[in-house]
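# Close look at the chain arrangement
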Amino acid sequence: SFELKDSVANIEGPTLIESTATDELDILEFKALPPNGGARATYLVRILPKSELPKGSDIEVIFPIQFSNSNLPATPRCFLSGGLTTIDSCRKGTNRNILVKTDAEYVPNIYTENPIVIEIFDVVNVAATITTDKVSVRTRYSGVVIHEPSEGEENRRITTTAAAASLTLGAYSLNPTTEGELAVHTFSLQPSADIPVGSSLVFEFPSSFADPLGYQIECDSTGIVLNGCKNARQRVTIENLPAFTQSGSDTFIVNIRNVLNPIKGDIASTQLIRVAIYDSTGNLLQFQDTGSAPVTLTDNHEPLIMTAISSTNLRSFYFSEMSFSFLFGSGQLDRTSIGGRLVAYLSPDYTNRADSNITCDFDVQSGITAVCQDYGNLIQISGHTNDFSTAAQEIAVDLGGYLNPKREGTMAPPRLMVHNDSDSQIIMKTCWNMIRFDTALTYTSTTSLQIIVNDNESWSVQSGSQSEEIKVEIANGADLNLTITPACDHTVVPAQVQFAIGQDIAKFRVSVPASASAGQFLMTFTVTGDDPYPNQRYAPITPISYTVVAGEPSQITIGEIGSVPITGRTPPISVKLTRPPNTGIAISINQRGDEPTDITITPNVLNFGPGDTELTFEVSSGDKTTGVSGSVFFVLSGTDASAYALVDDDQDFTIGKRDLDPPIILRSELIASSRISATYRIKSTERAIVHWVLLPGGSAVPSYKEVSTKTLTETTLQSKAVFGTITEANSADSFQYDAVLSNLTAGVDYSLYSYLFDQ
C-alpha cells in the first residue's frame, strides 16, 4: 500500500525587487596601498549598506574623475571580506568603474556594524601629489539601483605621495621551468637608494599562479639577512628587512622556493613578476614594474592524478601508515630489473621518521613483494618483475613506518613520479596545482598521550609466587621506541618493559618471595626512549597499588592419567599452577609399588621456574607389562613449596588394551589466509605425526609413502612441491595440528594433502 501526499516544488529563482526609492550606503574608507603617484596599488573600499543586498547583486566602484579606464586593470582581481567574504565575479566597466558580483546575500547586523570590504588589485595611481575627487559606490540588482552613497566628503578621496624610486632587477631565473612543478625563483636586486630598517620586500606573481603560491614557501638570500616570508594572494612578502646601504651598484640575491609553476597554457608571455620595497608605514620606496622577470614555462610530462589519500592516524608526531591511490596514464613503467620504479616525495615535515622501519607496497603486479628504499624524504618503491602499461588503472600504494609531522595543520600530500632508467625519462608525475585539496592530510596536536597499566586497577599476589600478567597498554601503539621501568618493593619480571614503534601492549609480573610480609605496596614508573620525546609526548604513568597476601596456598591441579595402553602412552597430562612461583618448585611423580611392571613416567620430575604455570608428563607401558592397575603419588618440594598445595597427592590408573588403531583425520579446514599465506588445521583422533605436501591445484593425489619420504614419482612436480612434518599438537590436551603455509602466490590454486602416522 502507499499514501499520496501533497508536494510543493521549491524552485529557486531571482529575487523580485520592487522599484522604489533607493536606500543609502556609507563609504567608510577609500585607500590606496601604496599611495605613491604612478605606482601600481591595491585599492581598499569599505562600505556599509543600510539595507539587505540580494545574492547576485553588483557592487559598482566608480573611481574619481582623475582616473581613466587605462588606470584600471583589464582583468581585475578583487576580494571581499567583512560582511561578505566570497564573490561571483569581478569585471571592468567602461567608465572608470569596477563591478563586483556577489554570490551570497548581505544582511546588515542590527547590533554591530558589519561593513563590506572590497580590495581591488593592480590599479595604477594617478600622478604624484594630487588629491582626487570623491569615489562613488552604488549597488544594483537586476538593473535596479538599490543603494546610492550618502552625502559627505570624508573618506572618499585619496592624496597621492611622491613617486617611488626605481628598483633594478639585474637578473632573474626560474628552475625548473616545467609546468606544474615546484620551482625556485631567483632575483638579483639592485636598489637605487638606501633601504631603511623595518622595510618590506614584496614579490607579486601573475594571477595565473595558484593562491596560495604553494605549500611551505621558503625564502633565503645572499647579501642581506631575511627573517622568513609570508605567502598570500599570489604575493610573497618579506618583512622587517635590516638596513641596506647602497654605496653605488650593490646588489643582493633573493631565492623564493617551493612556488608552484602554473600550467603552461594558463600564462601569457607578457605576464611579469613585479618587485617592490615598502617602508614600515606602507609607503612605496622603490619598485620594478616592467621588463626583467617574464615567466616562461615548458611542457610537462604526463600528469599523474592522485585520487585518494588516508592515514591510520592523524595525530601529529605519531606512528602511522599512509595509503594513497592514483590513476596511471599512458606510457610504461619498466620492470625493476631495468630501472623502473615509483618514487614518492614526502613533505619536509616527515623528516623525523623511524627510517629503519619504513615499509611500502603497491599493486602494479599481484604476488610480488615490494622493495622499499628510503632516502630521507624520497621513497623508492619497486620489486615488480613485469612491465606495467595499463592506462587509466587506479594504483594503490601503502607507505608505513614513519612518524607524522610534529606540527599541526594540513601537509602537502606525497608527490609521485614514475621513472624509467632505461631512457632516463620521468614518464608521469603529479602536478601540485592538479592535486585536489581533499587529497591532503590534516594533523592535530597530541599532548599527554596515555600509558595505562592494568586498566588503572590494583591487583593481588600470593607470597612465594608471581602475579598474573600485568598489562601495559598504549592506545594506537607507541610512536617511538619506549622503555618503561616499574619500581616497587619486590621483583618485576622483566625488570624493564619494552615497546617498539607501533606496539600497543606489553606485560610484566610481580614476583614475591615466600618470606614477604603481607600488605599493600605502591608501584611507580619511569619512561625513557628516543630522547627527548617521552617526557614531551606522554603523561606520567599513574602510580598503582598492589596487595601481597599470605595464608591459603595456591592450588596445584593434575589431570587424570586414566588408561595406559600396552606398548602405548597416555596423552600429555597437564599439571597447572594458578600462579607461577617466585623462585621455583618441583613436583616428583612416583609409581607406588612394583605393579604394573614395565611402566615409565616421562619426565618423573617437573621443575616450575618463574613464569611457569603449566607443565606435562606422560605414562607409557612396554610390551612386557603385567598387571591391570596401579597408582602414582606426587611430592611437592622447592624454595616456594610452602606457597602451594596439591589438590590430590596420588592417583590411580589402569592398563588398557594394546593400541592397534591408527590415527584418523576427524576434520581439516582452512582457518586463516592472506594474499600470500595460509594456515590449515588438521584434527586427529589421537596423538599423531602429520606429514603434508602442498602442490599446484589439480595435481594427482600422492601416496602416503611419497608424502612421508618427501619424494614424488612424478618428477616434474618435485620442484613445485612444499613438504612439511608436524610432531607436536597445538596444545598438550588437543589433537590439533596446524600446517603454516607461506610465500604463496596470489591468484594461484593449491592443493594440500596430509597423512597421519602413529607416534
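Scoring rules and cut-offs
- Residues numbered from 1 in each chain as written.
- Predicted model: local features only at pLDDT ≥ 70, side-chain atom pairs only at ≥ 80, totals over all residues.
- Heavy atoms only, no water.
- Buried < 20%, exposed > 50% of the residue type's maximum accessible area, 1.4 Å probe, protein only.
- Helix = DSSP H or I, 4+ residues; strand = E, 2+ residues; numbered from the N terminus.
- Pairing = 2+ DSSP bridges.
- Phe/Tyr/Trp six-rings, centres within 6.5 Å; stacked < 30°, edge-to-face > 60°.
- Lys NZ or Arg CZ within 6 Å of the ring centre and 35° of its normal.
- Axes fitted to C-alpha atoms, helices over the stretch in contact; angles between N-to-C directions.
- Disulfide = S-S within 2.5 Å.
- Salt bridge = Lys/Arg side-chain N within 4 Å of Asp/Glu carboxyl O.
- 1 Å grid on protein atoms, 1.4 Å probe; cavity = no way out; pocket = protein on both sides within 12 Å on 5 of 7 lines; lining within 4 Å.
- Points joined across faces, edges and corners; volume = space filled by probe spheres on them.
- Lys, Arg positive; Asp, Glu negative; His and termini not counted.
- Polar contact = N/O pair within 3.5 Å; in protein donor to acceptor, adjacent residues only side chain to side chain.
- Contact = heavy atoms within 4.5 Å.

## With respect to the pairing of strand β15 (residues 235-238)
- Every second residue of β15 is oriented toward a common face, the buried set being V236 and I238 and the non-buried set R235 and T237.
- Judged from the four bridges that link them, strand β12 (residues 200-204) and β15 form a sheet pairing that is antiparallel. For L201, the partnering residue across the bridge sits in β15 and is I238.
- Across three bridges, strand β14 (residues 230-232) lies against β15 in antiparallel orientation. Note that in β15 the partner of N231 across the bridge is V236.
- Adjacent in sequence and paired antiparallel, β14 and β15 are bridged by two residues, among which R233 carries a positive phi angle near 50 degrees.

## Considerations on the packing of aromatic side chains
- Applying the stated criterion across every chain yields a total of 17 aromatic pairs.
- Considering the side-chain rings of F328 and F388, the 4.9 Å spacing of their centres and the 90 degrees angle between planes classify their relative orientation as edge-to-face. Residue F328 is located in the loop between β20 (319-327) and β21 (340-345), and its partner F388 is located in the loop between β24 (378-382) and β25 (394-403); the two are separated by 60 residues in the primary sequence. F388 matches F328 in its accessibility class, with the two residues each being buried.
- Among the aromatic residues, ring-to-ring pairing joins F30, Y43, F63 and F67 into one connected group.
- For R233, the ring lying beneath its charged end belongs to F79, and the centroid distance is 4.2 Å.

## With respect to the sheet that holds strand β8 (residues 136-141)
- Overall, mixed pairing links the nine strands, which are arranged β4-β7-β2-β1-β9-β8-β3-β6-β5 in an open sheet. The strands lining the two open edges of the sheet, one partner per strand, are β4 (78-82) and β5 (87-92). Averaged over all neighbouring strand pairs, the angle between strand axes comes to 25 degrees, with direction disregarded.

## Quick notes on the sheet that holds strand β18 (residues 284-288)
- Strand order in the open sheet made by the nine strands is β13-β16-β11-β10-β18-β17-β12-β15-β14, with mixed pairing throughout. What marks the edges here is a single partner per strand, and that holds for β13 (218-222) and β14. When the angles between neighbouring strand axes are averaged without regard to direction, this sheet yields 25 degrees.

## Structural notes on the state of the cysteines
- For the coordinates displayed, the defined rule picks out two disulfides.
- The disulfide partner of C78 is C90, and the gap between their sulfur atoms is 1.8 Å. Taken as a pair, C78 in strand β4 and C90 in strand β5 lie far apart in primary sequence, 12 residues in all.
- C90 gets classed as buried once you look at its relative accessible area, which sits at 18%.
- The residue that forms a disulfide with C219 is C229, at a sulfur-sulfur distance of 2.2 Å.

## Side note on the pairing of strand β3 (residues 58-62)
- Burial analysis of β3 places five of its five residues in the buried class, which makes it a mostly covered element.
- Here five bridges tie β3 to strand β6 (residues 97-102), and the two strands are oriented antiparallel to one another. Bridging across to β6, I62 finds its partner in N97.
- With five bridges joining them, β3 and β8 adopt antiparallel strand pairing. Looking at the pairing, E60 lines up with R138 of β8.

## Quick notes on the pattern of salt bridges
- Applying the stated criterion across every chain yields a total of 23 salt bridges.
- The partner of R138 in a salt bridge is E60, and the shortest N-O contact between them spans 3.2 Å. You can see R138 sitting in strand β8 and its partner E60 sitting in strand β3, a full 78 residues away along the chain.
- Linking R140 and E60 is a salt bridge whose minimum nitrogen-to-oxygen distance equals 2.7 Å. Residue R140 is found in strand β8, and its partner E60 is found in strand β3; the two are separated by 80 residues along the sequence.
- Looking at R140, the relative accessible area reads 27%, which means it is partly exposed.
- With relative accessibility at 7%, the residue E60 sits in the buried group.
- In the salt-bridge network here, residues are joined through shared partners; they are E60, R138, R140 and E148.

## Some details on empty space enclosed by the protein
- A complete count under the given rule lists one cavity of 30 Å³ or more for this structure.
- As a volume, the largest cavity reaches approximately 130 Å³.
- As for the largest cavity, its lining consists of 11 residues, and the residues nearest its centre are R40, E204, R274, A276 and Y278.
- Mapped by element, the contributors of at least two residues to the lining of the largest cavity are β12, β17 (274-278) and β18.

## A word on the side chain of D334
- Within the secondary structure, D334 sits in the loop between β20 and β21.
- For the buried D334, no salt bridge exists, and the shortest N-O distance to an oppositely charged side chain is 5.9 Å, to R335.
- Side-chain polar atoms of D334 contact the side chain of Q332, separated by 2.9 Å.

## A short note on the environment of N604
- Along the chain, N604 turns up in the loop between β43 (599-602) and β44 (605-608).
- Take N604: its relative accessible area is 43%, and that puts it in the partly exposed class.
- Considered as a pair, N604 and E618 are 14 residues apart in the sequence and their alpha carbons are 8.8 Å apart.
- Among all residues touching N604, those that are not within four sequence positions of it are I587, S588 and I589.

## Here's the deal with unusual backbone geometry
- Note the cis peptide between E595 and P596, where omega equals -10 degrees.
- Position of P596 among the secondary structure elements: in the loop between β42 (585-591) and β43.
- Although it is not a glycine, R96 sits at a positive phi angle of roughly 60 degrees.
- Its place among the elements puts R96 in the loop between β5 and β6.
- Backbone geometry at N454 places phi at a positive 55 degrees, although glycine is not the residue there.
- Of note, N454 is situated in the loop between β30 (451-453) and β31 (459-462).

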